[in-house]
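Structural overview for review
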Amino acid sequence: MSRRFLSIGECMVELSQAGDGLLRKGFAGDTFNTAWYARACLGPDWSVDYFTALGDDAMSDEMVAFIDKAGIGTSLIRRIRGKTPGLYMINLKNGERSFSYWRDSSAARSLAADPDSLREAVESADLVYFSGITLAILPQEDAATLLAEIRRAKAAGKLVVFDPNIRPRLWSSYDIMHATISEGARSSVLIMPSFDDEAAHFGDDSIEATVHRYRALGAVHIVVKNGADGVRLNFAGEESFVPAEKVEQVVDTTSAGDSFNGAFLAHYLETADATAAARFAAGVAARVVSEHGALVAKEKLGLDCG
């Protein structure tokens, strides 16, 4: 029987620089990017599904077709009359990116507004993946609904994975951001933070402080990404370190963390070896940042995925 990897969040219309003042259209978003790389690296005994909400417009239709063509399940996507997807534009300078967003009325903000659909999706999964951005875009009552289902999944023995992916501009206040992200971590089994975010927004002065804080919230496993300085793992209290793979020229870091997460989870699900999974994922992420765009085709990854 096929096992299911479920990713929950927002996929958006992406506009990126195409040269000569032109823009290139695509589709991306943190949890969708992770689903993309998980699908690229998982074998056929795993299905990968995306849970979100979209509108009934032509762009939503095009996005669903794109997701389906990538081999990612779309049957759980809610369609809401009169709504549209969110949109963002990538601004690149020396390989580093900044973003401009248009997402205030995005259909994805209602992804948890139907509790029955949400529960059905989560109950059908073996792994449930979500992020701080997933929580940030939701009204507070809907974020509470999502977290309640996440807690049920954890209690049922599912592998619940959370990337805090801290984006202060998406939150109404720092207090709400800190409280909700902490509750997301408390509801999860595996936390995959980025140290620069944790240092900037939670005041952690070391990776050890980040690990300690998330362990205190109840995380069983923690994988701290630290860019070019590698990855620190704490799995059930066992520590290990994996260096980053050297990249000759960084082209686009848009999906560095998302690709690492997807590749790590895929390899870990297949092997149950967290350190080997981190090495594998570091290789995938190195290839991803050497290309343009958030979603790099599997054949360009140059690795034995799937």
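Everything discussed here concerns the structure shown above.
Description of the structure in this document. (Residues numbered from 1 in each chain as written. Predicted model: local features only at pLDDT ≥ 70, side-chain atom pairs only at ≥ 80, totals over all residues. Heavy atoms only, no water.)

1. Here we look at the pattern of salt bridges
This structure, assessed with the given rule, holds 17 salt bridges. We note a salt bridge from E10 to R103, for which the minimum N-O separation is 2.6 Å. Taken together, the positions of E10 in the loop between β1 (3-8) and β2 (12-19) and R103 in the loop between β8 (96-102) and α3 (115-123) put the pair 93 residues apart, joining distant regions of the chain. By relative accessible area, R103 is classed as buried at 9%. R152 is the partner of E149 in a salt bridge, and the nearest nitrogen-oxygen pair spans 3.3 Å. Note that E149 and R152 are positioned in helix α5 (residues 140-155) at a spacing of 3 residues, about one turn of the helix. We classify E149 as buried; its relative accessible area is 5%. What you see here is one network of salt bridges that share partners, running through R119, E123, E149 and R152. (Salt bridge = Lys/Arg side-chain N within 4 Å of Asp/Glu carboxyl O. Helix = DSSP H or I, 4+ residues; strand = E, 2+ residues; numbered from the N terminus. Buried < 20%, exposed > 50% of the residue type's maximum accessible area, 1.4 Å probe, protein only.)

2. Brief notes about unusual backbone geometry
Backbone geometry places A236, a non-glycine residue, at a positive phi of 50°. Structurally, A236 is set in the loop between β13 (231-235) and β14 (238-242). Exposure remark for A236: the relative accessible area of 52% places this residue in the exposed category. Within the chain, A272 stands out as a residue other than glycine whose phi angle is a positive 60°. When its relative accessible area of 60% is taken as the criterion, A272 is described as exposed.

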